[in-house]
Amino acid sequence: MGSGGREHALAWKLAQSPSLGKLFAAPGNPGIAEEAECVSLDASDHGAVVSFCRSHEIALVVIGPEAPLVDGLADSLAAADIPAFGPSKAAAQLEGSKGFTKDLCARAEIPTGGYVRTHSRDEAVAALDGFSAPFVLKADGLAAGKGVVISPTREHAEATLSDMFGGQFGSAGAQVVIEEFLEGEEASFFAITDGTHVIPLGTAQDHKQVGEGDKGANTGGMGAYSPAPVLTEALQQRVMDEIIRPTVDTMRSEGMPYSGVLYAGLMLTATGPQLIEYNCRFGDPECQVLMMRYQGDLAAMMLACAKGELEGAGAAFAQETALTVVMAAKGYPGTPQKGGAIALGDAEANGAKVFHAGTAIKDGSLVANGGRVLNVTATGASVTEAQKAAYDAVAKVDFASGFYRSDIGWKEVAREKGDTPQN
Ligand code: AMP
Ligand code: GLY
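Note that the structure is a prediction, hence the values are computed from the model and not measured. (Residues numbered from 1 in each chain as written. Chains lettered and ligands numbered in written order. Predicted model: local features only at pLDDT ≥ 70, side-chain atom pairs only at ≥ 80, totals over all residues. Heavy atoms only, no water.)

Asker: So what's going on with the overall build of the protein? Residues and values would help.
Answerer: For the protein, the count of helices and strands is 13 helices and 21 strands. The C-alpha radius of gyration of the protein comes to 21 Å, within 12% of the 22 Å expected for a compact globule of 423 residues. Its C-alpha atoms put the protein at 60 × 50 × 45 Å along the principal axes. Counting every position in the protein, which comprises 423 residues, the buried fraction comes to 57%. In the protein, the share of contacts with a sequence separation of at least 24, taken over all contacts with a separation of at least 6, comes to 67%. Summed over its atoms, the accessible surface of the protein is roughly 17,000 Å², and 50% of this surface lies on carbon and sulfur atoms. (Helix = DSSP H or I, 4+ residues; strand = E, 2+ residues; numbered from the N terminus. Rg over C-alpha atoms; globule rule 2.2 N^0.38 Å. Buried < 20%, exposed > 50% of the residue type's maximum accessible area, 1.4 Å probe, protein only. Contact = heavy atoms within 4.5 Å. Areas by Shrake-Rupley, 256 points an atom, 1.4 Å probe, with all protein chains shown as cover.)

Asker: Tell me what's going on with the sheet that holds strand 5 (residues 115–118), and back it up with residues and numbers.
Answerer: One open sheet accounts for four strands, arranged 5-8-6-7; its pairing is antiparallel. Because the sheet does not close on itself, it has two edges, and the strands there are strand 5 and strand 7 (148–151). The mean angle between the axes of side-by-side strands here comes to 20 degrees, regardless of whether they run parallel or antiparallel. Bridge count for strand 6 (residues 135–139) against strand 8 (residues 176–179) is four bridges, and the pairing is antiparallel. Across the sheet, residue Val136 finds its bridge partner in strand 8, namely Glu179. In the packing of helix 6 (residues 98–108) onto the sheet, the strands contacted are strand 5, strand 6, strand 7 and strand 8, and the crossing angle to strand 5 comes to about 140 degrees. Of the strands in this sheet, strand 5, strand 6, strand 7 and strand 8 are in contact with helix 8 (residues 154–165), which crosses strand 6 at around 5 degrees. (Pairing = 2+ DSSP bridges. Axes fitted to C-alpha atoms, helices over the stretch in contact; angles between N-to-C directions.)

Asker: Any chance you could break down the pattern of salt bridges for me, citing the residues and the numbers?
Answerer: What the rule picks out here adds up to 22 salt bridges. Its salt-bridge partner being Arg415, residue Glu412 comes within 2.9 Å of it at the nearest N-O pair. Linking Glu412 with Arg415, this pair stays in helix 13 (residues 410–416), spanning three residues, or about one helical turn. Among the residues examined, Glu412 registers a relative accessible area of 5% and is labelled buried. A relative accessible area of 27% places Arg415 in the partly exposed class. (Salt bridge = Lys/Arg side-chain N within 4 Å of Asp/Glu carboxyl O.)

Asker: Quick rundown of a nonpolar patch on the surface? Include the residues and the values.
Answerer: Where nonpolar side chains cluster on the molecular surface, the patch consists of Val148, Ile150 and Phe181 and spans about 230 Å² of accessible area. Its place among the elements puts Val148 in strand 7. (Patch = residues over 30% accessible without salt bridge, like charges linked within 9 Å, V, L, I, M, F, W, Y side chains within 5 Å.)

Asker: Tell me about the site of ligand 2, residues and numbers included.
Answerer: Around ligand 2 lies a shell formed by Asp206, Gly220, Tyr263, Asn279, Arg281, Gly283, Asp284, Pro285 and Glu286. Note that an oxygen atom of ligand 2 is positioned 2.8 Å from one of the side-chain N or O atoms of Arg281. Take Asp284: an N or O atom from its main chain is 2.9 Å from an oxygen atom of ligand 2. About the coverage of ligand 2: the protein hides 88% of its 200 Å² of free accessible area. (Near = heavy atom within 4 Å. Polar contact = N/O pair within 3.5 Å; in protein donor to acceptor, adjacent residues only side chain to side chain.)

Asker: Which residues make up unusual backbone geometry, and what are the values?
Answerer: The residue after Ser226, namely Pro227, is reached through a cis peptide bond having omega -5 degrees. Positionally, Pro227 belongs in the loop between strand 13 (223–226) and helix 9 (233–253). Residue Tyr332 is joined to Pro333 through a cis peptide bond whose omega torsion reads 10 degrees. You can see Pro333 is positioned in the loop between strand 16 (321–329) and strand 17 (353–356). In this model, Glu57 sits at a positive phi of 50 degrees, which is unusual for a non-glycine residue. Tracing the sequence through the fold places Glu57 in the loop between helix 2 (46–55) and strand 3 (61–62). Look at Glu57 and you get exposed, because its relative accessible area is 71%.

Here it is, written out as structure tokens:
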């Protein structure tokens, strides 16, 4: 279920799974259509999804984005005895409510920034007294990645709280979490769990800002690479022991077992990894680089997860680095230009893979149909080499109304040269 670059990467890997019979995608996109039969199904119409699954004897539903998970699609499928990869509505609160996650961290003693949950502007403004600038303000609910504001001054924070409680994010802003500002480098850690067993699923770093050098407006992600060498083996062990396992154990013991992929956004602080946020699905575009490296039978692993039978110690990943460059339509993350012509040429010639994130076929030709349009992904023995291979492929794509960042992976490329990256 889904239609972005993440779902293209999942469909591409699922299509390679020896255990796969037939793959459908709903609604899919022109890239996914090369791997699956695309059908038009509305993820919010649970009855329609269940009846499609019944009539096509679907053995496993993989739910890509967070919205249908937070909306309980996995519960509706479970009620119909259809295995689904992705958490229940109760478990998806880990992404659907920032306050829920902070409270869980407090109960399970998981390292994260200090916080206060607030329910009105007055309460929130008063709570600012307990924090210092920069102020981290988070709309509690799902806000399409826009619900977090870092306010440099108290005045800015108070204005932001007026916007949030004034309905800027709809009901997602009915509660606001105020949080301690954490310093360090950000990295992402992925694990797959059936509620009891937990398997690490790799690391990545993404670039959220639209501009070179990580400057400018926040986006869904302009590029990513995996693995993230800043998350050393020792740090990954700490993340598993101090963050992931206590979360999975607490969710299970409190009657909300978490099943699916658990994506931890981390701040690597001077005292160790701290949780910034959880997502209840794969990252986009982090999934694209993970799938580029994944070597197992994805369908089999996801089905085992969905059935509570996730056994074994690890998932098989290639040692090499994968790096993806997002090609976006001009205007993104504001209003993107729609309909721009795209020619992929022989971008995939040297083992690169072009995942479709926001494309459509118009009059028989490929055109842009979204903010993030293509994820040009390649591998190499180092971040430097993967970066070079990815940009070689980008150069072969003809997309005049698009743009991309030319520095994806820059921090790690600097470190590979022996330099210290400066923000
Ligand atoms: P997202 O929730 O993905 O929109 O991301 C919000 C971004 O805000 C994160 O990726 C961090 O860069 C930043 N952020 C969120 N919480 C904190 C925090 N407590 N301290 C510092 N930065 C934060
Ligand atoms: N790339 C960030 C996310 O998927 O949330």
